[in-house]
Amino acid sequence: MKNISILLITILLACFSTTYAYNTQQISFRNGLSSSAVRFVTMDSYGFMWFATYDGLNRYDGSSVKSYLPTSNPNSLPGNVIRHITETDPGMLWLKTNQGLCLFDSQAGTFKNHPDIRVSYWQAKSPDGTFYVLSENDSIAVYNKSTGQFNKIYTPGVVANRTLCFSICSDNIIWVFAAKGQIMRYKIIKENGLITGAYRLMDYELGIPVKWAFEKGTDVVFVDAQFDLYTLDINTGKKVFAMNISSEIPPNESMRDAQIAGNDIFIAFINDGLKVIRRNPGSGKPPYIERTTLNYGVFYIAYDPIQKIVLVGTDGYGVYIYSEEDYTLRSSMLYEFYPQTKVPVRSVMLDAHKNLWIGTKGDGLFCFPDYDPDKPLPDKEVNRFHI
């Protein structure tokens, strides 16, 4: 993630912890969000976090929020309600809005609207970066990068407004999870590298109808009619039972989303907030469910496996960022222990001898010998170098 810090040092420190809990950070309208009702959250290839809200698109760089709203320009964001974001190429974001679909070049800051796709129920990206939209019955639209247009392929049996989710695996098979409980599959046909159609394969048989399903790329979390929760890797077709969650479902409640995060599975509900299924493979202990502090509606959950953080978009409370318990965030102001310093911090490094080095813009290099993360920086001896 890109962070611009002015006299603020934020150090991610690996620490041993005997507790098993996630650290949390909240981002809301107080931090500059255009709306605290966040429908969708994701992180792009450049490390920026993107939040789709009920009033505009928001980008978070770790320290500040930039908002994008519709204007009178016909090539601006078409609608203020953003429901979904899909990155197909670095910085190229497909936005599902209340006024249609558009492609946003986040580096150039330009929007290209696609009025031919006015209604988009679901959108997905294949492992090779091809963009798909499910907007009509019995067909799926595929974006052709060379022409900049969508082509429809025939997928008999697909009902757009009765689909739980859909995704594409590495074998060029489209998986469609239908609300009536079945899992349909379609093999993509390519001619000279171009997608020209699809034909239906045998359904993926479960025996018990699917009640809820949530895709995150080629990983799917689904719950069957008996409230057994499974994970499914559509690349391999491998299904893994996690646990039965019937005791966690209040009357008339529905799941809103689910996300695999390492060994854990985050599950969200429309009204009952966010919970975590804790799994410890190899321990011999059964999984168990832990309630988080989020006791209100959740729209969407995303996971960044590189930074090991979970992003949670909520209904009116902004975004929560969960980081694993093995890390803590500590912030110190450089001027707290060197008041003469009035310039930005440019780099931070901990060397093999436990010396903490801090480089500034124009005010030299600071070194804290034998750095101990459990002691505050102002209490440490500091050496200053001018180069």
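Residues numbered from 1 in each chain as written. Predicted model: local features only at pLDDT ≥ 70, side-chain atom pairs only at ≥ 80, totals over all residues. Heavy atoms only, no water.

Colleague: Is there a simple way to explain the overall build of the protein in this structure?
Modeller: Secondary structure summary: the protein contains zero helices and 34 strands in total. Each of the 387 residues in the protein was classed as buried or not, and the buried ones make up 49%. In the protein, the proportion of contacts linking residues at least 24 apart, taken out of those at least 6 apart, comes to 43%. Carbon and sulfur atoms provide 50% of the accessible area of the protein, an area that totals close to 18,700 Å². (Helix = DSSP H or I, 4+ residues; strand = E, 2+ residues; numbered from the N terminus. Buried < 20%, exposed > 50% of the residue type's maximum accessible area, 1.4 Å probe, protein only. Contact = heavy atoms within 4.5 Å. Areas by Shrake-Rupley, 256 points an atom, 1.4 Å probe, with all protein chains shown as cover.)

Colleague: I would appreciate a short explanation of the environment of Ile301 in the present structure.
Modeller: Among the structural elements, Ile301 can be located in strand β27 (residues 298-304). Under the relative-accessibility criterion, Ile301 is labelled buried at 0%. With 34 residues separating them in the primary sequence, Ile301 and Ile267 have C-alpha atoms 8.3 Å apart. With sequence-adjacent residues up to four places away left out, Ile301 is seen in contact with Val41, Lys216, Asp257, Ala258, Gln259, Phe266, Ile267, Ala268, Leu274, Val310, Leu311 and Val312.

Colleague: Help me understand the sheet that holds strand β31 (residues 345-350) in this model?
Modeller: Across a sheet, paired strands are connected by hydrogen bonds in the backbone, their directions being either parallel or antiparallel. One open sheet holds the four strands; their spatial order is β31-β32-β33-β34, and the pairing between them is antiparallel. Looking at the sheet topology across the chains shown, the edges are occupied by β31 and β34 (383-385). Neighbour-to-neighbour, the strand axes of the sheet open up by a mean angle of 20°, direction not taken into account. Here strand β32 (residues 356-360) runs beside strand β33 (residues 365-368); their pairing, made up of four bridges, is antiparallel. Paired with Trp357 across the strands is Cys367, a residue of β33. (Pairing = 2+ DSSP bridges. Axes fitted to C-alpha atoms, helices over the stretch in contact; angles between N-to-C directions.)

Colleague: Could you clarify how one ought to interpret the pattern of salt bridges in this entry?
Modeller: Side-chain pairs of opposite charge can arise whenever the charged atoms involved come near each other. Enumeration over the complete set of coordinates arrives at ten salt bridges. Salt-bridge contacts for Asp128 lead to Lys190; the nearest nitrogen and oxygen are separated by 3.4 Å. One end of the pair, Asp128, is in the loop between β11 (122-125) and β12 (131-136); the other, Lys190, is in strand β17 (residues 183-191), with 62 residues separating them in the sequence. For Asp128, a relative accessible area of 44% puts it in the partly exposed group. Among the residues examined, Lys190 registers a relative accessible area of 37% and is labelled partly exposed. Salt bridges here are not isolated pairs; linked through shared partners, they connect Glu248, Asp272, Lys275 and Arg291. (Salt bridge = Lys/Arg side-chain N within 4 Å of Asp/Glu carboxyl O.)

Colleague: Would you mind showing me how to read the side chain of Thr86 here?
Modeller: Among the secondary structure elements, Thr86 is positioned in strand β7 (residues 82-89). Judged by its relative accessible area of 8%, Thr86 is buried. Here the side chain of Thr86 touches Gln123 through a polar contact of 3.0 Å, side chain to side chain. Ignoring sequence-local partners within four residues, the contact set of Thr86 consists of Met92, Leu93, Trp94, Gln123, Ala124, Lys125 and Phe131. (Polar contact = N/O pair within 3.5 Å; in protein donor to acceptor, adjacent residues only side chain to side chain.)

Colleague: What should I look at first to understand the confidence of the model for the protein in this one?
Modeller: Atomic detail in the predicted coordinates should be set aside for any region of low pLDDT. Overall, the predicted model of the protein reaches an average pLDDT of 86, with 87% of residues at or above 70. Looking over the protein, one finds the lowest element-wise mean pLDDT in strand β1 (residues 8-14), namely 37, and the highest in strand β21 (residues 228-233), namely 97. Considering only residues more than four positions removed or in separate chains, one finds that residues 1-20, a stretch of pLDDT under 50, has 64 contacts. For the stretch residues 327-331, pLDDT sits under 50, and the model shows 22 contacts to residues farther than four places along the chain or on other chains. (pLDDT = per-residue confidence, 0-100.)

Colleague: Please clarify how the pairing of strand β29 (residues 319-323) should be interpreted in this entry.
Modeller: Look at any regular strand and the pattern is simple: side chains alternate between the two faces of the sheet. In terms of residue burial, β29 counts as a mostly covered element, since five of its five residues are buried. Side chains of β29 alternate between two faces, with Val319, Ile321 and Ser323 and Tyr320 and Tyr322 buried alike. Relative to β29, strand β28 (residues 309-314) is paired through five bridges, and the arrangement is antiparallel. Looking at the pairing, Leu311 lines up with Ile321 of β29.

Colleague: Can you help me understand the pairing of strand β22 (residues 238-244) in this one?
Modeller: For β21 and β22, the ladder comprises six bridges, and the chain directions are antiparallel. Across the sheet, Leu232 pairs through a bridge with Lys239, a residue of β22. If you look at the hairpin formed by β21 and β22, you'll find four residues sitting between the two strands, and Gly237 has a positive phi there, around 75°.

Colleague: Looking at this structure, I do not really get the environment of Asn151. What am I missing?
Modeller: In this structure, Asn151 sits in strand β14 (residues 149-154). The exposure class of Asn151 is partly exposed, given its relative accessible area of 36%. Filtering out sequence-adjacent residues up to four positions away, Asn151 remains in contact with Ile140, Ala141, Val142 and Asn144.

Colleague: Help me understand the layout of surface pockets in this model?
Modeller: Over the atoms rolls a probe the size of a water molecule, and its path tells where empty space is left. Roughly 840 Å³ of volume is contained in the second largest pocket. What lines the second largest pocket is a set of 32 residues, among which Thr42, Met43, Lys216, Gly217 and Tyr303 lie closest to the centre. At the level of elements, β3 (38-43), β7, β11, β19 (210-216), β23 (255-261), β27 and β28 are the ones that each hand at least two residues to the lining of the second largest pocket. A per-class count over the lining of the second largest pocket returns 14 nonpolar, eleven polar and seven charged. (1 Å grid on protein atoms, 1.4 Å probe; cavity = no way out; pocket = protein on both sides within 12 Å on 5 of 7 lines; lining within 4 Å. Points joined across faces, edges and corners; volume = space filled by probe spheres on them. Nonpolar A, V, L, I, M, F, W, Y, C, P; charged D, E, K, R; others polar.)

Colleague: Explain the packing of aromatic side chains here, please?
Modeller: Two aromatic rings are characterised by how far apart their centres lie and by the angle between their planes. Counting across every chain of the model gives 21 aromatic pairs. For the pair Trp50 and Phe104, a centre-to-centre distance of 5.8 Å together with 80° between the ring planes defines the contact as edge-to-face. On the criterion of sequence distance, the pair formed by Trp50 in strand β4 (residues 49-53) and Phe104 in strand β9 (residues 100-105) is long-range, its members being 54 residues apart. Judged by centre distance (5.4 Å) and plane angle (65°), the rings of Tyr230 and Phe241 are edge-to-face. (Phe/Tyr/Trp six-rings, centres within 6.5 Å; stacked < 30°, edge-to-face > 60°.)

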